[in-house]
Amino acid sequence: MSSLFQFLRSTVFTKIVMAVTGLMIVGFLVGHLLGNLLMFSGPEKINAYALGLKNLGPLLWLVRIAMISALGLHVWSSIKLSNRNRDARPIAYQEKKSLKSTFASRTMMYSGLAILFFVIYHLLHYTFGLIQPQTYFDNSYTLKSGEVVHNVFNMVVAGFQNPFIALSYLFAIIFVSAHISHSVSSAFRTLGIHNPKYLALTSRIGPALAAIFLIGYLSIPIAVFSGIIKPVCDNTEACAAMK
């Protein structure tokens, strides 16, 4: 029992927590991106997709709770490891040199905290409707099946027509991409996947995912801001206030 307790308090365990929760978050980001890209298919697809998620009921909330918990544990492990590294070196170097480290690796904790704050903001905006409530609550769409649903399509368009929201999203995705560029490869090493046979592959997964997320997620606000994606009115008052 004492050995188990020591392991749970060890740096190795903290690194494992960071690696596992990080990969969970990456998996969620992949699924979230695939859903978001339905914006390019028009309101019918994205609104039907949103309805499908809503119909999951308690399962959807279990996923949300799991992802929020993973994000919380990821931030906790990051802070804990940072504190241990600082305590292990109580006297700072007179001249700090980063010969092999990248900007992304040196700013991991800061980009992680920035992502956490954005996730909270994102949930307040698109999940709870506390930001731009007029486009959240006064916005409906009639599916081809005849079912009236919340118009997620127009809500997203209204959000990204706002320069502040579009810019905050842009900076957040840059932080996410920079964070993932370094962290994914690091997670594989932590979990013991560092065989020279696979090193060439695992070292490229992080940068590749970072590029995909950067292009994929930013394509939507860019398309809205440039007028490629426009609101589709369904006899709602919310459409009248939109461009």
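Residues numbered from 1 in each chain as written. Predicted model: local features only at pLDDT ≥ 70, side-chain atom pairs only at ≥ 80, totals over all residues. Heavy atoms only, no water.

This next bit is on the overall build of the chain. A tally of helices and strands in the chain yields 11 helices and 2 strands. Its helices and strands taken in sequence order, the chain reads α-α-α-α-α-α-α-β-β-α-α-α-α from the N to the C terminus. Within the span of the chain, comprising 243 residues, buried residues form 37% of the whole. For the chain, the share of sequence-separated contacts (at least 6 apart) that also reach a separation of at least 24 residues comes to 75%. Put simply, the chain shows about 14,800 Å² of open surface, and 68% of that area lies on carbon and sulfur atoms. (Helix = DSSP H or I, 4+ residues; strand = E, 2+ residues; numbered from the N terminus. Buried < 20%, exposed > 50% of the residue type's maximum accessible area, 1.4 Å probe, protein only. Contact = heavy atoms within 4.5 Å. Areas by Shrake-Rupley, 256 points an atom, 1.4 Å probe, with all protein chains shown as cover.)

In terms of nonpolar packing, the biggest core is built from 34 residues, with Met39, Phe160, Ile180 and Phe213 touching the most fellow members. Those elements that provide at least two residues to this core are helix 2 (11-36), helix 4 (58-88), helix 6 (108-127), helix 8 (152-161), helix 9 (163-190) and helix 10 (196-225). Met39 has contacts with Ile46, Phe153, Val156, Val157, Ile220 and Ile229, leaving out every residue within four places of it along the chain. (Core = buried A, V, L, I, M, F, W, Y, C linked by side-chain atoms within 4.5 Å.)

Attention shifts here to a nonpolar patch on the surface. Together, Trp61, Ile65, Phe117, Ile120, Leu124, Phe128 and Leu130 make up a nonpolar patch on the protein surface, roughly 720 Å² of accessible area in all. In terms of residue count, helix 6 provides more of the nonpolar patch than any other element does, 3 residues in total. The residue Phe128 is located in the loop between helix 6 and helix 7 (133-137) in this model. (Patch = residues over 30% accessible without salt bridge, like charges linked within 9 Å, V, L, I, M, F, W, Y side chains within 5 Å. Salt bridge = Lys/Arg side-chain N within 4 Å of Asp/Glu carboxyl O.)

What follows deals with the packing of helix 8 against helix 9. The geometry of helix 8 relative to helix 9 is characterised by a closest axis approach of 5 Å and an angle of 90° between their N-to-C directions. Here helix 8 is positioned roughly perpendicular relative to helix 9, judged by the angle of their axes. Between helix 8, through Gly159, Phe160 and Gln161, and helix 9, the contact on the second element is made entirely by Pro163, Ile165, Ala166 and Tyr169. Class assignment of the residues belonging to the contact of helix 8 with helix 9 gives a composition of 5 nonpolar, 2 polar and no charged. (Axes fitted to C-alpha atoms, helices over the stretch in contact; angles between N-to-C directions. Parallel < 35°, antiparallel > 145°, perpendicular 65-115°, else oblique. Nonpolar A, V, L, I, M, F, W, Y, C, P; charged D, E, K, R; others polar.)

Here the structure, examined in full by the defined rule, presents 2 aromatic pairs. An angle of 65° between the planes, with centres 4.8 Å apart, marks the rings of Phe160 and Tyr169 as edge-to-face. Pair check on accessibility: Phe160 and Tyr169 agree, each one buried. For the ring pair Phe213 and Tyr217, a centre distance of 5.9 Å and an interplane angle of 55° mean the geometry is tilted. Taken together, the residues Phe213 and Tyr217, both in helix 10 and 4 residues apart, mark about one turn of the helix. Here Arg64 stacks its cationic end above the ring of Trp61, 4.6 Å away from the centre of that ring. (Phe/Tyr/Trp six-rings, centres within 6.5 Å; stacked < 30°, edge-to-face > 60°. Lys NZ or Arg CZ within 6 Å of the ring centre and 35° of its normal.)

It is worth spelling out the environment of Ile193 at this point. Within the secondary structure, Ile193 sits in the loop between helix 9 and helix 10. With relative accessibility at 35%, the residue Ile193 sits in the partly exposed group. Excluding its chain neighbours within four sequence positions, the residues that come into contact with Ile193 are Phe188 and Thr202.

So, on to the environment of Phe153. Locating Phe153 in the fold gives a position in helix 8. Residues Phe153 and Asn139, spaced 14 residues apart in sequence, show a C-alpha to C-alpha distance of 9.7 Å. Excluding residues that lie within four positions of it along the chain, Phe153 makes contacts with Met39, Gly42, Pro43, Ile46, Asn47, Ile229, Lys230, Pro231 and Val232.

Further remarks concern the packing of helix 8 against helix 10. One can describe the packing of helix 8 onto helix 10 by two numbers: an axis separation of 9 Å at closest approach and a directional angle of 80°. The pairing of helix 8 with helix 10 is recorded here as roughly perpendicular in orientation. Facing Val156, Val157, Phe160 and Gln161 of helix 8, the residues of helix 10 in contact are Ile220, Pro221, Val224 and Phe225. Across the contact of helix 8 with helix 10, the residue classes tally to 7 nonpolar, 1 polar and no charged.

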